[in-house]
Every structure is written in structure tokens, then in C-alpha cells.
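# Working through the structure, step by step
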Amino acid sequence: MSVVDVTAGRRALGRVRAVLPDRRVLATMGRSPRGDLIAGLTVAIVALPLALGFGVASGAGAGAGLATAVVAGALAAFFGGSNLQVSGPTGAMTVVLVPIVHRYGTAGVLTVGLLAGVLLMAAALGGIGRFMAFVPAPVVEGFTVGIAAVIGLQQVPAALGVKASGASSVVVGAWDAAVDFARAPHLAALALAAGVAVVMLAGARLRPGVPFSLLAVVGATLAVRFGHLQVAAIGRLPEGLPAPSLSFLDVGAVPHLATAALAVAALAALESLMSATAADAMSVSERHDSDRELFGQGVANLIAPLFGGVAATGAIARTAVNVRSGAASRLAALVHAAVLAVVVFAAAPLVAGIPLAALAGVLIATAVRMVEVGSLRALARAGRGETAVMVLTAGATLAFDLVTAVIVGLLVAGALALRQVARSAALTRVPLHEGLPPADHHAEEQALLAEHIVAYRVDGPLFFAAAHRFLLELADTGEVKAVILRLSRVSAIDATGARVLGDAIGKLTARGILVLVSGVQEKHRRTLDALGVLAGLHGQGHVFPTTPEAISYAHKHLHEAGLLTEAARGRR
């Protein structure tokens, strides 16, 4: 085996070790076991109705939601990169999974989850986690608003007590449900959904620490059971988690599901790292490891489908409850998963009586709480560009899908950023000796120099978005004998900018104007030399390290051309 192979093997092994939990990470679980137990129990109470609701909303069933919360919640907590993160089924993931269920069935959803797990683990080993921080805030806020709208619209049929039409668009589906309800109103389901949503929203404002979601669902279930209301209920959950099995894996459909798996993996990565970042912000000293978090989410999504679970991510709402309840380590998230497992094994018959309308109310309230009005106002005040990115991303989420929405948001945000960068580039005509020590020239000679020599300072990036404006401005140079281009303040230059600079130099030279360049930074020489932009000037000795040297050369050129007065010559 060669030295190169050994080195590569050691690097790969080191990369694997870097994303696996070590003794230091696991030792944190002994810091505050009592606080973690209380926090884990609190989160489990909050997570139970959400897990049921998101399981039903995804199309895979309430059992799938609970299995995801238990298995993915435990694995992501153990292998993840955040001590405070709580993972499980989320509303954002539900939006992505629904069309997969419609097209490929439950087996397709489980297969996609497994493939997404592999992709997440590969991303972690490749060190991709650090790049997720570059997603602009307007894009994040936009797809959060879009997701909230989709989740709310998805619940309209259940909230109205009518059968979903199966329309591919959630807007059309909600409209169809409203039309069906208008033809034969059934107020019991609407009253249950509205009551649960109101209790959750009002309760969260009055007593944030009380699990009003669970209380509201219990109250709605009791009302149905003892009030003899005719409201559709969810099917009975399995008596415990399904046995591990790979029977769902449809190998033939894997090529067709690859795109969906990529979308699920991208969403899981983005939402999980956003949630972990939020947990860091709410704590005093915690800092998550992005790549380790992606690896943990990958393991969770790889194993959860074996137990009938769907794709999972870090859950911002449950993570926030965890932190505010006093969690100190990942033991709290493990306790949350264990409590939900007990519910699955011991209380499935009781959970099976929860009406769909009540779960619809939970998800509608969750969708409302997902929208941070303060953040939206702040972005709106930041400028029209940020508002446009946010609105377009939200609209694309409703009209298309989440991945398309994020791509649209990133493209628009990138275009606006390029526009801002291009505007920061400037070509400014400056006094000949601007920023330089006082010149040792007679006043009359100074005037003659200024009459025949102009200096331009280039500030900021010289790249494709600003280069052609640069060419137009420079081409308008009047009839002078020499032009000095001061390039010391150029922050970046690309091939297009270099070519345009070369074109401008060529046009000025063709008009008989002497072109001198000063202050070229070493980091820009490679691009300029590769395209031969300054080759001609180098050959003529017209490229100078400093501006005073360029001015001195221009002075000599005017002297030799006989353009200086006798008085000026005498001073020399």
C-alpha cells in the first residue's frame, strides 16, 4: 500500500471519528439528570399530539408519526451534534412527503427517508454542514411562511369534516373542501378544530409553560366520546412499534425517488441546522457541531423507516420547549423518545380515539405559531429586496414545492446581492495627487499636468455585473495625453472584468492616449496575466507599483512631448 493510500485512509478514518459522539459529548448527560428528566417529560407531552398530527398529515398514518418521534428522536439525540436538539416529524417535512405518498404510497415515503439518511450521512462526512449557514434570512422566513400556509390549508378538509379531494394543489384542495362543506355543513368537526386551535393559541400567550395542545386534544376526544358527536376519528394505532423490516424498500423505484430523496435530505439538513442554531441562541454556552448534527439526522432517517417511520428533522418548536424546560444535555431528548415509546406500547387504544378534527386544530395552531410577525416586519423594514425574496419564496412554496421555493429564493437573493455588489464598484476620476504627499511641482506645472493627465481610481469588485458600466465610463474620457488607472483598491476581479479592463486600455491606446497602471495587487495578477490584459503595458514599462511612479513617468512623457512650459522645464 502506498503512502498516499495510507494518508487517505487515515484522513477518512479521522473524518468518521469527527462525526461520531465521543466521551466528552456523552459525559454531558450526567450534568443535570433531574433537569433533563423533567424537560424530557415536558417535551414528550408537547410532542405527542404533534407527532400524531404530522403522521396523519403526511399520509403515512398516526403510527408512522409516533414511530418517527420515538426512533428518530432517540437516534438523532445520541448521534447528533447538538446537546439540546429534539428531532421528529415536522410540518415542513410533511409538505414534502405528501406528494410522495400520493404518487408512490407509504412504501415510497419510507424508501425516500432511507435514501435521505444515506445522503445526510454522506454530506456530514463531506463537511457540508458549514455551508448551510449561507442561506439568506429572507429565504428562510419565506419558506417558513409558505410551509405554514401549506400546513394550514392541508388541514381544511379534516377541520370541516369532509373528505379530501386529492387535488395536487393544497389551495385547490382547500377550496374543494370548502365547497363540499357549504353544500352540507357539519359544524361538529369545525367546532372541534376551532376550539383546539383557539385553546392552543390563547393558552400559549397566557401560560406558555402549560401543554395546552395535549389538554385541548384530550378535551376534544372526551367531547366526542361522551358527547356522541359524529366526527371522524383516526384509525387504531398498532400495539407497539412495527418489527424491523426492509420489505417496504422498492429497489425498482429508487431511481425515480432519487430527486425526492435529495429534496428531503436538503430540507432535513436546513431545518435541523436552523433548529440547532436557535437552541444555541437560547442557551448560554452551547454550540452545535453542524457536520455531527447532519450525521445524527442521517442515522435517524436511515433507521426510522425500518420501524415504519417517515423522514425526520430537528424540530424548532420542540427544541425551544426543551431548552425553556431546563434541559442541560441530550439526555432530555432521549427521555422524550422513551416516554413516547411507552405511549405507543401502553396507551395505543386511548390514542386511537382522537378525532381527526382535533389533530387538524393542533396543526392549524402550529402553522399560525410558525409565522414570526416580528421577523417579517423587520425584514419588510430592511428593504424591498428582502421583502421580494421572502414573498417569492413563500409563493413558490404554495405554487410548487419547497425545494423549488428555496431555489427560487436563492436565485433572487443572489441576483439582488450581485446588484448590490455591482453598485459598490466605482470608477472615480480623482485629482492627480489625491492621497499622495505634496508634489514638488510649480503651480503652473501642476496645472499643466492636471490638464493633460487624468487619474481614475477603481474601488470595489471589478467583475461581470459591473464591468461593462466601467467600460462605458472610461470610454467617455476626454481628449487628454495620459490616463493613470489606480487599481490598488480593487477588491476582486474576474475574467469578465479583466477582459473589459483590457478592452478599455485598448480603446484608449487606439486614440493615442498613454495608459499607465498602478497599484495592481498580487492576488489579481494571475487573472490579469492569464488573459494577457497587461502584457502590452508590461512590455512598454507602463505598469508601476505605486501611483507616484506612474505620475513621474507621465510627467517625463509630457516633457518629452514638449507640452510643458519653459518655466516648468526650468523648475526641473
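Residues numbered from 1 in each chain as written. Predicted model: local features only at pLDDT ≥ 70, side-chain atom pairs only at ≥ 80, totals over all residues. Heavy atoms only, no water.

## A short note on the overall build of the chain
In plain terms, the rule: Here a helix means four or more residues in a row that DSSP labels H or I, a strand means two or more in a row labelled E, and each is numbered from the N terminus. Summary of the burial criterion: residues with accessible area below 20% of their type's maximum are buried, those above 50% are exposed, and those between are partly exposed, where the area comes from a 1.4 Å probe applied to protein chains only. Residue contacts are counted whenever heavy atoms from the two residues lie within 4.5 Å of one another. To be clear on the numbers: accessible area is Shrake-Rupley with a 1.4 Å probe, and residue cover counts the displayed protein chains and nothing else.
Within the chain one finds 26 helices and eight strands. Residue burial in the chain is summarised as follows: out of 572 residues, 48% are buried. For the chain, long-range pairs separated by at least 24 residues make up 84% of all intrachain contacts whose partners lie at least 6 apart in sequence. About 26,400 Å² of surface is accessible on the chain, with carbon and sulfur atoms providing 63% of the total.

## Focus: the packing of helix α3 (residues 33–58) against helix α14 (residues 331–346)
Here is the rule we go by: Angles run from 0 to 180 degrees between N-to-C directions of axes, and those axes are lines fitted to C-alpha atoms, restricted for helices to the stretch in contact. Angle categories are assigned with fixed cut-offs, so that under 35 degrees is roughly parallel, over 145 is roughly antiparallel, 65 to 115 is roughly perpendicular, and the rest are oblique. Take the far helix as your reference; a near helix turned counterclockwise from it by less than a right angle gives a left-handed crossing, and one turned clockwise gives a right-handed crossing. Gly is placed with the polar residues, together with every amino acid not listed as nonpolar (Ala, Val, Leu, Ile, Met, Phe, Trp, Tyr, Cys and Pro) or charged (Asp, Glu, Lys and Arg).
Packing of α3 against α14 leaves a shortest axis separation of 7 Å and a crossing angle of 50 degrees. Considering their axes alone, α3 and α14 lie oblique with respect to each other. Here α3 runs over α14; the crossing is right-handed. Of the residues in α14, those in contact with P33, D36, L37, A39, G40, L41, V43, A44, A47 and L48 of α3 are L331, A332, V335, H336, V339, L340 and V343. Looking at the contact of α3 with α14 residue by residue, the classes come out as 14 nonpolar, two polar and one charged.

## Description of the pairing of strand β4 (residues 453–462)
In plain terms, the rule: At least two bridges found by DSSP between two strands are what make those strands a pair.
The buried count for β4 comes to 10 of 10 residues, which makes it a mostly enclosed element. Across five bridges, strand β3 (residues 426–430) lies against β4 in antiparallel orientation. Looking at the pairing, V430 lines up with A455 of β4.

## Quick look at the pattern of salt bridges
Heads up, the condition is: Counted as salt bridges are all cases of a side-chain nitrogen of Lys or Arg within 4 Å of a carboxyl oxygen of Asp or Glu.
The full count for this structure, using the stated rule, is four salt bridges. When the shortest N-O distance is used, the salt bridge between R183 and D180 registers 3.6 Å. Taken together, the residues span about one helical turn, with R183 and D180 both in helix α8 (residues 170–183) at a distance of three residues. R183 gets classed as exposed once you look at its relative accessible area, which sits at 67%. Each of R457, D459 and R489 takes part in salt bridges that share partners, so that together they form one network.

## Focus on the environment of R17
Take R17: it is sitting in helix α1 (residues 3–19). Overall, R17 belongs to the exposed group, its relative accessible area being 58%. Each C-alpha atom, one on R17 and one on R292, is 9.8 Å from the other, the two residues being 275 residues apart in sequence.

## Quick notes on the nonpolar core
The nonpolar side chains of a soluble globular protein tend to be buried with one another. This is how the line gets drawn: As used here, the term nonpolar core means buried Ala, Val, Leu, Ile, Met, Phe, Trp, Tyr and Cys residues forming a set that is joined through side-chain atoms within 4.5 Å.
Ranked by internal contacts, the top residues of the largest apolar core, which has 89 residues, are L52, L97, I100 and V264. Tallying contributions element by element places helix α5 (residues 91–125) first for this core, with 15 residues. Among all residues touching V264, those that are not within four sequence positions of it are M93, V96, L97, I100, V112, A116 and A311. In this structure, A504, I505, L508 and V517 belong to the second largest nonpolar core, which totals 26 residues.

## Side note on the packing of aromatic side chains
Short version of the rule: Aromatic rings from Phe, Tyr and Trp, with only the six-membered ring used for Trp, were paired whenever their centres fell within 6.5 Å, and each pair was classed as stacked if the ring planes differed by under 30 degrees, edge-to-face if by over 60, and tilted otherwise.
Enumeration over the complete set of coordinates arrives at two aromatic pairs. Taken together, a centroid distance of 5.0 Å and an interplanar angle of 80 degrees make the contact between F78 and F79 edge-to-face. Note on F78: relative accessible area 30%, which makes it partly exposed.

## Brief notes about the packing of α5 against helix α6 (residues 137–154)
In the contact formed by α5 and α6, the axes pass within 9 Å of each other and the chain directions differ by 65 degrees. Compared by their axis directions, α5 and α6 come out roughly perpendicular. Both α5 and α6 take part in a crossing whose hand is left-handed. Residue-level contacts link G91, A92, T94, V95 and V98 of α5 to I147, V150, I151 and Q154 of α6. In terms of residue class, the contact of α5 with α6 is made up of six nonpolar, three polar and no charged.

## Concerning the confidence of the model for the chain
Convention followed: Every residue carries a pLDDT, the predictor's confidence in it, which falls somewhere between 0 and 100.
Summarising the model, the chain shows a mean pLDDT of 81, and 85% of its residues fall at 70 or more. When the elements of the chain are averaged for pLDDT, helix α26 (residues 566–571) gives the smallest value, 45, and strand β1 (residues 87–88) the largest, 94. Considering only residues more than four positions removed or in separate chains, one finds that residues 233–237, a stretch of pLDDT under 50, has 22 contacts. Across residues 566–572, where pLDDT falls below 50, the model places 11 contacts with residues more than four positions away in sequence or in other chains.

## Some words on α6
What counts, and what does not: Here a helix's expected span is defined as the number of its residues, less one, multiplied by 1.5 Å.
Here α6 contains 18 residues, and its C-alpha end-to-end distance of 26 Å stays within 8% of the 26 Å for a straight helix at 1.5 Å per residue. Across the 18 residues of α6, 14 count as buried, placing the element largely inside the fold.

## Thoughts on a nonpolar patch on the surface
Definition in use: What makes a patch is a set of residues exposed beyond 30% relative accessible area and free of salt bridges, joined within 9 Å when like-charged and within 5 Å when nonpolar (Val, Leu, Ile, Met, Phe, Trp, Tyr).
Taken together, the side chains of V16, L20 and L125 make up a nonpolar region of the molecular surface, amounting to roughly 190 Å² of accessible area. Considering the arrangement of structural elements, one finds V16 in helix α1.

## Observations concerning the side chain of Q85
Spelled out, the test is: Polar contact criterion, stated in full: a pair of N or O atoms within 3.5 Å, where within protein one must be able to donate a hydrogen and the other to accept it, and residues adjacent in sequence count only if both atoms are side-chain atoms.
For Q85, the position within the fold is in the loop between α4 (62–79) and β1. Polar contacts involving the side chain of Q85 include one to the side chain of E293, which spans 3.2 Å. With residues up to four places along the chain from it excluded, the contact list for Q85 reads S272, S275, A276, E293, Q297, G314, A315, T319 and A333.

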